[in-house]
Amino acid sequence: MLFATGVLPSVLTAALLGGGIPPFPDAATPPYDGQSRHGTALFSVKATNNAAAQAFTVDDTRISRVSVYIASGAATGTVTAQIRGDRSDAGSVLASRTVTLASLGGAGAGWLEFPLQAEVTPGTPYYLHLQATTTENRPIAWYGTTGSVPDSLTSWNYDKAYWGGWHAASSRLAFHVDPTGAERCGETEQCYVPTKALAARTAGLLAHRTAVEAVSPAFAVGASYVEGSNVLRLPSGRWRYLPTGAQGSVVVPADDPGALDQISESRAWLDSGRVPGRDAAQRAAARRSLLTLRALLRPGGAFAAAWSPAWQYSWPRDGAFAAVAFAATGHDEEAYQVLRYDAATQRPDGTWEARTKLDGSGPPDSRAWQLDGNGWVPWATWQWYEHAPPGDRDARLRTLYPMVRAAADHAAGSLGPDGLPPASPDYWELGTDSTNIGTAAPLLAGLNAAADLAGRLGLPQDADRWSAAARRLARGIDTSFAPRGYPRTADGRHGRDSAAAFMAPPFNEPAPGLGEALDSTYRALLLPNGGLSPGNDPDHSWGSYAWTASTSFFALAWAHLDEPAKADRVLGWVLSKRNGLGEVPETVNGAGNPSSVAPLGWTDALLVMTALARQGDPLPTPPLR
């Protein structure tokens, strides 16, 4: 429990304190240099009237690092750790180190490590002294346990107002002197984690070809990926990774042979394709995104949206974007796996469930299916074909073609007298009472893509049928959506929608006036944190959360419309919102911090596609026939 006044309530304090001061051990007693239990906020260490100290001994001659478990409600100020010869004598300090709470990320909790150097005498008692300063009226507490700790030395509470100075406690503070191995934070216990980092459920991925494990935000602080891999370098310098064939991660010494093999394999996979970007920052982000996309691709071709329970399903829409990112960067096998999975999970009427379990066994629930998949999957198949090695791509396309035909025929058959498809849940996964642009635009891309694929295979009747449907749909969009700037719905009663960007390349050839519509839509959806809301439908509020995918739609569109300044501004915002591991989150909250899940595969695919366009390799757009 934390406490607001900076002083423990008197009843609890009296329960924690009492008894005489235990004598220091003799030379034969093992050193007391750590206590890991930290279930209770024991003492305030904030301001000059509060501090705490823990007596300890060591069996070495040098102290190079200490750690304490603290929680801070304050976001600003400092925390100072000292090694003292006398707990109450500031002149007895052997070593001291101060950190700022701002540098730690603000308010938070966890093990806080202080590098410092002190020459000591083995077996001699010293004191680990902790004190914080802040102008905020919020607690900063040192944690520990009220239970018995065998062979422990005394914890001391300094409370000028309550005790009149130092007071011995029967409780024991959580600390480590010269922590090694699992005592180092970030291995079995979290390092100090700023509260704002916990807005996201996940922070990264450990993976091999058959298994994935999410990195908890609490264990991502101070960590980083070993370059070109999903092996995590911990604050201790050791590595965490998911060994081949294992279902759970392990912590190993740096340069562990198994981890090195995994690093070499993932780097070879990156080198087998290309990493796009016009500068080092874009290339670094694209490299991380490609590794994330690969980790989320499951055996059998299912593509998981993210690796947290509610996202561990395969959506046709997310998978289509992943397939395009794979294909466009030279990873043909992965792209084709996704499309084969789509073919295997297509329903008899040519549509798809909203999402399926990763083993392909069917939907996890009764969520309403979404017609936009009938556009996204043919479009992705066309993009794959455009980038596939020419040798056998026609033969492999014929394997996928029944899927394309069923999808395109259903899309064409869904068009009404006005040329538009029926109202259907869109990528918001919310129904509308009128046709929405988030369905109409992908279907237009898919019909044009299917028609062109039919022409490539010498099937003119299919090509003509779908081309005619595409022309009808284009006229319907021109009539019902274009005059209003491509709003969310054809009736114009549901505001703007970031799906207006689906009317731009690499999905559809731009119609006159699209540039102005994208500009006005972007302005309408821009939030104070710099990202975009998916839309501003008065019937549904997204609050202060920006969605990185919706924001990235505009970076992709402007990169393909030869608007580099606009594209780079938006892409720069997305890159700036990656977390400490370099992963892109699904959303960014009103305070500007990553939230929901990280990484999100859809945004990673969009990032890769945009980086390709910005380096001068834009994706092609299905032609109007």
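Residues numbered from 1 in each chain as written. Predicted model: local features only at pLDDT ≥ 70, side-chain atom pairs only at ≥ 80, totals over all residues. Heavy atoms only, no water.

For the protein, an unreviewed UniProt entry supplies the name Glycoside hydrolase family 15 and the organism Streptomyces bambusae.

**Focus: helix H6 (residues 332–345)**
Spacing of three or four residues puts side chains on the same side of an α-helix, whose turn is 3.6 residues. Taking 1.5 Å of rise per residue, 14 residues should cover 20 Å, and H6 covers 20 Å from first to last C-alpha, within 8% of that figure. Among the residues of H6, Asp332, Glu334, Ala335, Tyr336, Val338, Leu339, Tyr341, Asp342 and Thr345 are the ones counted as buried. On the buried face of H6, the contacting elements are helix H3 (257–271), helix H5 (316–328), helix H7 (373–387) and helix H8 (393–413). (Helix = DSSP H or I, 4+ residues; strand = E, 2+ residues; numbered from the N terminus. Expected span 1.5 Å × (residues − 1). Buried < 20%, exposed > 50% of the residue type's maximum accessible area, 1.4 Å probe, protein only. Contact = heavy atoms within 4.5 Å.)

**Topic: the pattern of salt bridges**
If you walk through the whole model with that rule in mind, you get 29 salt bridges. Of the charged contacts in the structure, one is a salt bridge between Arg456 and Asp452, with a shortest N-O distance of 3.2 Å. With a gap of four residues between them, Arg456 and Asp452 both fall in helix H9 (residues 437–456), about one helical turn apart. Three or more residues joined by partner-sharing salt bridges are found here, namely Arg317, Arg367, Asp372 and Glu429. (Salt bridge = Lys/Arg side-chain N within 4 Å of Asp/Glu carboxyl O.)

**Some words on the sheet that holds strand E8 (residues 126–133)**
The sheet built from six strands is open, its strands ordered E6-E5-E8-E3-E10-E11 with antiparallel pairing. Two strands close off the open sheet at either side, each with one partner strand: strand E6 (93–100) and strand E11 (165–169). Across this sheet, the average inter-strand angle for adjacent strands is 20°, counted without regard to direction. Bridging between strand E3 (residues 50–56) and E8 involves five bridges; their strand directions are antiparallel. By the bridge assignment, Ala55 is partnered in E8 with Tyr127. (Pairing = 2+ DSSP bridges. Axes fitted to C-alpha atoms, helices over the stretch in contact; angles between N-to-C directions.)

**Considering the environment of Asp359**
Assignment of secondary structure puts Asp359 in the loop between H6 and H7. With relative accessibility at 60%, the residue Asp359 sits in the exposed group. C-alpha of Asp359 to C-alpha of Ile263: the two residues are 96 residues apart in sequence and 27 Å apart in space.

**A word on the pairing of strand E9 (residues 140–145)**
Among the six residues of E9, six are classified as buried, and the element is accordingly described as predominantly covered. Here E9 shows two buried faces, one formed by Ile140, Trp142 and Gly144 and the other by Ala141, Tyr143 and Thr145. With four bridges connecting them, strand E2 (residues 40–44) and E9 associate as antiparallel partners. Residue pairing across strands places Phe43 opposite Trp142, the latter belonging to E9. In terms of strand pairing, strand E4 (residues 62–72) meets E9 through three bridges, oriented antiparallel.

**With respect to the nonpolar core**
In terms of nonpolar packing, the biggest core is built from 125 residues, with Trp384 and Ile477 touching the most fellow members. With twelve residues, the single largest contributor to this core is H9. Dropping the residues within four chain positions of it, Ile477 is found in contact with Leu420, Ile437, Ala440, Ala441, Leu444, Ala482, Tyr486 and Met503. In terms of nonpolar packing, the next biggest core, distinct from the first, is built from 44 residues, Ala51, Leu112, Phe114 and Trp166 among them. (Core = buried A, V, L, I, M, F, W, Y, C linked by side-chain atoms within 4.5 Å.)

**Let's talk about the packing of aromatic side chains**
Scanning the entire structure with this criterion turns up 31 aromatic pairs. An angle of 85° between the planes, with centres 5.9 Å apart, marks the rings of Tyr427 and Trp602 as edge-to-face. Of this pair, Tyr427 sits in the loop between H8 and H9 while Trp602 sits in helix H14 (residues 601–614), and the two are 175 residues apart along the sequence. Of the residues examined, Tyr427 reaches a relative accessible area of 11% and is grouped as buried. Take Trp602: its relative accessible area is 7%, and that puts it in the buried class. Seen in terms of ring centroids, Phe502 and Phe507 are 5.6 Å apart; in terms of plane orientation they differ by 75°. Their pairing is edge-to-face. Note on Phe507: relative accessible area 3%, which makes it buried. Cluster of aromatic residues (ring-pair linked, three or more members): Phe321, Trp376, Trp379, Tyr427, Phe502, Phe507, Phe553 and Trp602. (Phe/Tyr/Trp six-rings, centres within 6.5 Å; stacked < 30°, edge-to-face > 60°.)

**Quick notes on helix H12 (residues 548–560)**
Between its first and last C-alpha, H12 extends 18 Å over 13 residues, near the 18 Å set by a 1.5 Å rise per residue. Taking burial as the measure, the 13 residues of H12 include 13 buried ones, the bulk of the element. Downstream of H12 by a residue or two, Asp562 has a phi angle that is positive, lying close to 60°.

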